[in-house]
Amino acid sequence: MTFFGWLQIGLLIAAVTIVAKPLGLYLYRVFEVKTDPFGKWGATCERFLCRLCDVDPKHEQTWGRYSISFVLFTVIGVGVMYLLQAMQYFLPLNPEKLTAIEALSALNTAVSFATNTNWQSYVPETTMSPFVQMLGLSWQNFVSAAAGIAVAMAVVRGLTRKQWDNSKPTLGNFWHDLIRGTLYILLPLSFLLAILFVSQGVIQNFHSPQTVTTLEGHTQTIPGGPVASQEAIKTLGTNGGGCFNANGAHPFENPTPLSNFLQMLAILAIPAAFTYTFGRATGNTRNGWVLFGAMMLLFVIGIIVVYASESHGNIATKNLTVDQIAGNMEGKETRFGVAGSSLFAVATTATSCGAVNSMHDSYTPLAGLVMMLNMQLGEVVFGGVGSGLYGILVFAILAVFIAGLMVGRTPEYLGKKIEAREVKLVIVCLLAPPFMILGFTAASMLLPSALASLNNSGPHGFSEILYAYSSAAANNGSAFAGLNANTPWFNVTTAVAMLAGRFFSTIPMLAIAGSMAAKKTLPPGPGTFPTDGMLFLLLLVAMILIVGALTFFPALLLGPILEFFQV
C-alpha cells in the first residue's frame, strides 16, 4: 500500500461526496419540480417525444399500472434486442450470421441489456457489429438505466407524498419519467463524458477491424468502433458492457489513469446523488445523508479489505520466483496498478455496473469475497442508477420494523406506519435474489456439463460459479473470468436469474410505494424512532451485514473463505 494509492482512494471518495448534492438536486428538479434544464429547446423536444409516444405527462399511474408499464417495456426490449442480433447478417457494418449456439447467447444478451445487467458471455469485437453495438446495445444502455431511474422516483413519491385527491394514490407516469430521465440526465451527461474520454485517447470511429503488420513482421487485427460514446453511458448508467472482451482493461476503452478515475466517478455519481434527491423529497436532507453514509461506510470497508489483501501479494505464489513488490499484479494492467484496479473492482461490484479493468478471477480470496458480498447484499452499496436507492430503502424499512419491535410500538418510516403488507413485500425483495443465486449454484455443482466449464477445481471453481449467479441475480454483469458461461445451461439459467433479479426487486418495491402512498402521515411522537441520525445509520449498516451474512455465509465458506485458509 502506497501514499499515492491512498491518495487516489481519498480523491474518489471526496469527488463522489462533492458531486452527490448538486447532481442530486438536479435530479430532484428534473423529476419533481419539472423544470426544463435546456429551456425552450428541451421543452420542445420533450413535447415532441411525448406526442410521438402518445404519453400524457399529466396522467399519473397507480403502482400496478406503473409496474405493468415497466415490465412490458423490459419484455419488448428483450424482443427487439434479440431480433437485432438475429438479423445482424442483413445489417450494415461488418455483419455476421448467428450459429445455433449463438442464438441462445443472443437471447441471454437481450435479457442482459434489457435488465441493465450487461452480462456478456461472448467476445464483443468479433460477435457484435458496430451497427448492433450502437442501435441495440447503446440504446438499451440508455433506456434500461432510465427505467431504473424512473422506478426509483416512483418509490420516492410513494414514500414522501402526503396528500391525495382520490382513493387511488399514484406514483407518476412511467413513460414520462423514462423520457425525462433519458433526455435531461443520461444524454447530456454522456455527451460531456464521451468528449472527456476522447481527450484521453478512447477511440470513436466507424472503422471495421484493420489488419496491420507489426514491427516484428507479424499481422495483427486492430478493432475500431464508436467506443467513447458507449463507454460514457456504460459507466453513467451502471451498465458495464464493453465494446471489447477485455472491457475497461482494453487500452481503447480505458487508456490512462485519468480515464480510469473518470469512469469510477461516473459509475458512482448518479447512485450517490439519488440519496440527496431522496432527502430533498422528504423535506429533511439528513434522511438522504444517512443513506449516503451507510453506503459510503460499506464502500470504504470494502476498499480497505481489497486494497490491503492485493497489496500483500498472492500467498499461493510465495515459493515461485515472482516479484510481488508491487502487490498481486496478476490479471491487472500496469498503468492502473493495485490501487487503481482494487478501487475499480470495488466500485463496479458495489454498484450494478459490471465493468472491469482487471480480471477478478486473479484476485486474492479475501478480495474476491468482498466483490461477491457487494453483489449478494442486494447491490445496496450505492447500487445501480435508481435500483441502489430502492434497494437500500428495503433495508431501511426492515431496520425501522426491527427497531419498532424493540421499543414495543408500531414502526414508522417518514411518518407512515410499517405494517404486515409492507414487511411481507420486503421479505420477497430479500429472498428472491438468494433463491436464484444459491439454487442455480447448487444445481450447477451437480451438473457435469456445468462443471466442465470451469477453469479451476476446488473452492476457487465453486467461487467462479457462485460469482456468476451473484452477478446475474444482482443485475451486475461482471464475471470472475474463469468460467466459460457461453453454454446452453449458463445462457438460460443466468437469463432467468437476471429477469428474477430485475422484477422481484422492482415490483414488490413499487407495491410498497403504492401501499405507503395511501397512508396518512403521522406527526413524530415520543416513541418515534428517528431515521435521520447516526444511530439509524449504524442500525441500517448492521441490518445489511447481518442479513447478507446469514444468507450467504455458508456458501462463502465453501468458496473464498475455504480457499483463503487453504493457501
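It should be noted that the structure appears before, not after, this text.
Residues numbered from 1 in each chain as written. Predicted model: local features only at pLDDT ≥ 70, side-chain atom pairs only at ≥ 80, totals over all residues. Heavy atoms only, no water.

**Considerations on the packing of aromatic side chains**
The line we're drawing: Stacked, tilted and edge-to-face pairs are distinguished by plane angle, under 30 degrees for stacked and over 60 for edge-to-face with tilted covering the rest, among Phe, Tyr and Trp rings (Trp via its six-membered ring) whose centres lie within 6.5 Å. A run of H or I in DSSP becomes a helix once it reaches four residues, and a run of E becomes a strand once it reaches two; helices and strands are each numbered from the N terminus. Burial here depends on accessible area, computed with a 1.4 Å probe over protein chains only, as a share of the maximum for the residue type. Under 20% is buried, over 50% is exposed, and the range in between is partly exposed.
For the coordinates displayed, the defined rule picks out 20 aromatic pairs. Their ring planes at 75 degrees and their centres at 5.4 Å tell us that Phe3 and Phe4 sit as a pair that is edge-to-face. Where Phe70 meets Phe503, the ring centres are 6.1 Å apart and the plane angle is 85 degrees; that geometry is what we call edge-to-face. You can see Phe70 sitting in helix 3 (residues 63-86) and its partner Phe503 sitting in helix 17 (residues 488-517), a full 433 residues away along the chain. Accessibility assignment for this pair places Phe70 and Phe503 in one class, buried.

**Section: helix 11 (residues 337-350)**
Just so we agree on the cut-off: Helix span is expected to be 1.5 Å times the residue number reduced by one.
In this model helix 11 runs 20 Å from its N-terminal to its C-terminal C-alpha over 14 residues, within 8% of the 20 Å that 1.5 Å per residue would give. Of all 14 residues in helix 11, 14 are buried; the element is thus mostly enclosed.

**A closer look at the pairing of strand 1 (residues 210-213)**
Definition in use: Two strands pair if DSSP finds at least two bridges between them.
Both strand 1 and strand 2 (residues 219-222) contribute to a ladder of four bridges, which runs antiparallel. Following the sheet pairing, Val212 is matched in strand 2 by Gln220. In this structure, the hairpin formed by strand 1 and strand 2 is closed by a connection of five residues, where Gly217 is found at a positive phi of approximately 95 degrees.

**Side note on the packing of helix 2 (residues 39-52) against helix 7 (residues 174-199)**
Each pair of packed helices can be summarised by the angle the axes make with each other and by the distance between the axes. For clarity, the threshold we go by: A fitted line through C-alpha atoms serves as each axis, taken over the contacting stretch for helices, and the angle formed by two N-to-C directions is quoted from 0 to 180°. Any angle that falls under 35 degrees is termed roughly parallel, while one over 145 is termed roughly antiparallel, one within 65 to 115 roughly perpendicular, and all others oblique. The crossing is said to be left-handed when, going from far helix to near helix, the turn is anticlockwise and less than a right angle, and right-handed when the turn is clockwise. When checking whether two residues touch, look at their non-hydrogen atoms; a contact exists if any pair is within 4.5 Å. For this scheme, ten residues count as nonpolar: Ala, Val, Leu, Ile, Met, Phe, Trp, Tyr, Cys and Pro. Four count as charged, namely Asp, Glu, Lys and Arg, and the remainder, Gly too, count as polar.
It is at 11 Å that the axes of helix 2 and helix 7 come closest, and there the two elements cross at 140 degrees. What the angle tells us is that helix 2 and helix 7 run oblique. Seen from above, helix 2 lies across helix 7 with right-handed handedness. For the pair helix 2 and helix 7, the contacting residues are Gly42, Ala43, Cys45, Glu46, Leu49 and Cys50 in the first and His176, Ile179, Arg180, Leu183 and Tyr184 in the second. For the contact of helix 2 with helix 7, a count of residues per class yields seven nonpolar, two polar and two charged.

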